[in-house]
Amino acid sequence: MHSVSVVTNATAPGLGPDGAAEPVDGTVAVVDEWAAGYVAAHGVQRRLVDAALRCIARWGIRKTSLDDIAREAGVSRATVYRVFPGGKDRLVEVVFCHEAGRFLHDVDRELAAAQTLDDLLVTGMTAMLGVASDHAVLGSVIRHEPELVLPHFAFHQLDRVLDLAEVLCRPHLERFLPAADVRPAAELLARVVLSFGFRPAAWVDPHDPASIGRLVRTYLTPALISQTASPAQEMS
Amino acid sequence: MARDGIGTATVEDIAREAGVARATVYRAFPGGRDELVSAAVTHAVADFFVGLWADIGDVPDLTTLLERGLVAGRRRLDEHAVLQRALQDEADQIVPQLATVMPIIIELLRTELGARLASERLRPGVEVGEAADLLARLVLSMIGSPGGWDMDDPAAVRRLVRGQLLAGVVEV
């Protein structure tokens, strides 16, 4: 079985021993792979993801080969395969997850400093929606090669993203919500981020603190708190 | 497309299946294969939601509408053989096609939910347009990918609708 030990054993800020809830067998492969990448902040992995992003920005995903990435990063082909074991097919997921992970890692301190659930959600939403709107490579890929990106975020493939969201959110949400409510809360937040990230709306503007504050305080916090108001029940 | 796959169906195949000349296909769809595929997907999506609307039937309130919509939507999706096959074999083709149709669906859903919300007791600060937009997005996301929610369990659906969907929007 693909183990999540890389996640749970990591000594990174924000991912404690309870960092990953029991994942469904097989669905966490991506999660532990990318989480290991960003949590360990391994030099070669970062260099490869950066190189991949530069290649993708230049040529798009379809025309970027693992050889290009190796050359751009100045490493051997074998190294690329070690970091991207799924090869080209998994490249999008790995790069996306690295980017999400890197970004969250950067705001980890800010998230950890949040004193209230509102603060936490405003910080997280601003960061995630901000990156969705400002990330040059991500934006251009979604526009020019949607067929390579969108399937990873739709229908049953979204499950892996939701698992990822749980791993990322758990250490932070657990400070404010009962452990059993974290998974459903992480799912809701992931849906909101993906929906407004892929399809922006005027009323949710990551560059306007008032707008994100309103989304969080009016709609999201009450939805998350409501779960705890009723007898805590596991999602089935 | 259902039989041969989206990627493999040619204009000739489609013309033969419909019993018309190739020229007729191009007259009806000057954009050729791409336009035809996109029209077929749009038609299938419309068909899906018209059927879903019929499944839901007359409902007294917003809560029931959402509960029935999630359950019936999920069921229809699971049973949609063509879509399931396409997702399995040609996700890279079908998902972007569906994504281009989704704004229309969100808009329709937003309008319906907005009308329903207007007669609900909204929580302080809630605006109908925002709430309808958020609900439309979340409902579609949940139908497409239920995540950890079991849409066959009425108690779970109840919790989902009253909690995650409506707790921030309407007064209980």
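Residues numbered from 1 in each chain as written. Chains lettered and ligands numbered in written order. Predicted model: local features only at pLDDT ≥ 70, side-chain atom pairs only at ≥ 80, totals over all residues.

J.: Please explain the interface of chain B and chain A as it appears in this structure.
T.: Many descriptions give the size of an interface as the accessible area lost when the pieces come together. Counting residues at the interface gives 30 residues for chain B, matched by 30 residues for chain A. Broken down by secondary-structure element, the contributors of at least two residues to the side of chain B that touches chain A are helix H5 (81-117), helix H6 (128-144) and helix H7 (154-165) of chain B. (Contact = placed C-beta atoms within 7 Å. Helix = DSSP H or I, 4+ residues; strand = E, 2+ residues; numbered from the N terminus.)

J.: Please clarify how the confidence of the model for chain A should be interpreted in this entry.
T.: Reading fine detail from the predicted coordinates is not recommended where pLDDT is low. Residue and element names in this part refer to chain A. When the pLDDT values of chain A are averaged, the result is 79; 79% of them are 70 or greater. For chain A, helix H1 (residues 5-8) is the element with the lowest average pLDDT, namely 30, and helix H11 (residues 179-198) is the one with the highest, namely 96. Note on residues 1-31: pLDDT under 50 across the span, and 57 contacts to partners over four residues away in sequence or across chains. (pLDDT = per-residue confidence, 0-100.)

J.: Where do I start with the environment of Arg76 of chain B in this structure?
T.: All names here are of chain B. Tracing the backbone shows Arg76 in helix H4 (residues 62-79). It is 16 Å that separates the C-alpha atoms of Arg76 and Asp153, two residues lying 77 residues apart in sequence. Beyond its immediate chain neighbours, meaning those up to four positions away, Arg76 contacts Phe48, Gly51, Leu52 and Asp55.

J.: Even after reading the chapter, I still don't get unusual backbone geometry, so can you show me in this structure?
T.: Most peptide bonds take the trans configuration, and most residues that are not glycine carry a negative phi. One non-glycine residue, Phe155 of chain A, adopts positive backbone phi at about 50 degrees. Residue placement: Phe155 of chain A occurs in the loop between helix H9 (146-149) and helix H10 (158-173).

J.: I keep staring at the nonpolar core and nothing clicks. Help me out?
T.: Generally speaking, soluble globular proteins have nonpolar side chains that are buried together. If you look at the biggest cluster of nonpolar residues, it comprises 99 residues, and the most contacted ones within it are Ala52, Ala165, Ala185 and Leu189 of chain A together with Leu135 and Val139 of chain B. When residues no more than four places from it in sequence are discounted, the contact partners of Leu189 of chain A are Ala165 and Cys169 of chain A. (Core = buried A, V, L, I, M, F, W, Y, C linked by C-beta atoms within 7 Å. Buried ≥ 20, exposed ≤ 12 C-beta atoms within 10 Å, placed from the backbone.)

J.: I would appreciate a short explanation of the confidence of the model for chain B in the present structure.
T.: Residues and elements named next belong to chain B. Averaged over every residue, the pLDDT of chain B is 94; the share at 70 or more is 100%. Per-element mean pLDDT across chain B ranges from 92 in helix H1 (residues 11-18) up to 98 in H6. With a pTM of 0.84, the predicted complex shows an ipTM of 0.94.

J.: Help me understand the packing of H10 of chain A against H11 of chain A, please; the structure alone is not making it clear to me.
T.: Helix-helix packing is characterised by the crossing angle of the two axes and by the distance between the axes. Residues and elements named next belong to chain A. In contact at an axis separation of 8 Å, H10 and H11 are set at 115 degrees when each is read in the N-to-C sense. Between H10 and H11 lies a crossing whose hand is right-handed. From H10, Val161, Leu162, Ala165, Glu166, Cys169, Arg170 and Leu173 reach across to H11, where they touch Val182, Arg183, Ala185, Ala186, Glu187, Leu189 and Ala190. (Axes fitted to C-alpha atoms, helices over the stretch in contact; angles between N-to-C directions. Left-handed = near helix turned anticlockwise from the far one by under 90°.)

J.: Explain the packing of helix H3 (residues 43-59) of chain A against helix H6 (residues 88-113) of chain A here, please?
T.: Residues and elements named next belong to chain A. Running from amino to carboxyl end, H3 crosses H6 at an angle of 115 degrees, the nearest separation of the two axes being 10 Å. Between H3 and H6, the crossing angle belongs to the class labelled roughly perpendicular. Crossing hand, H3 versus H6: left-handed. Within the contact between the two elements, H3 uses Val49, Ala52 and Leu53 and H6 uses Leu91, Val95 and His98. (Parallel < 35°, antiparallel > 145°, perpendicular 65-115°, else oblique.)

J.: How do you make sense of the environment of Ala54 of chain B when you look at a structure like this?
T.: All names here are of chain B. Along the chain, the position of Ala54 falls in helix H3 (residues 33-56). Since 9 C-beta atoms lie within 10 Å of it, Ala54 is described here as exposed. Along the chain, Ala54 and Glu67 lie 13 residues apart, while their C-alpha atoms are 14 Å from each other.

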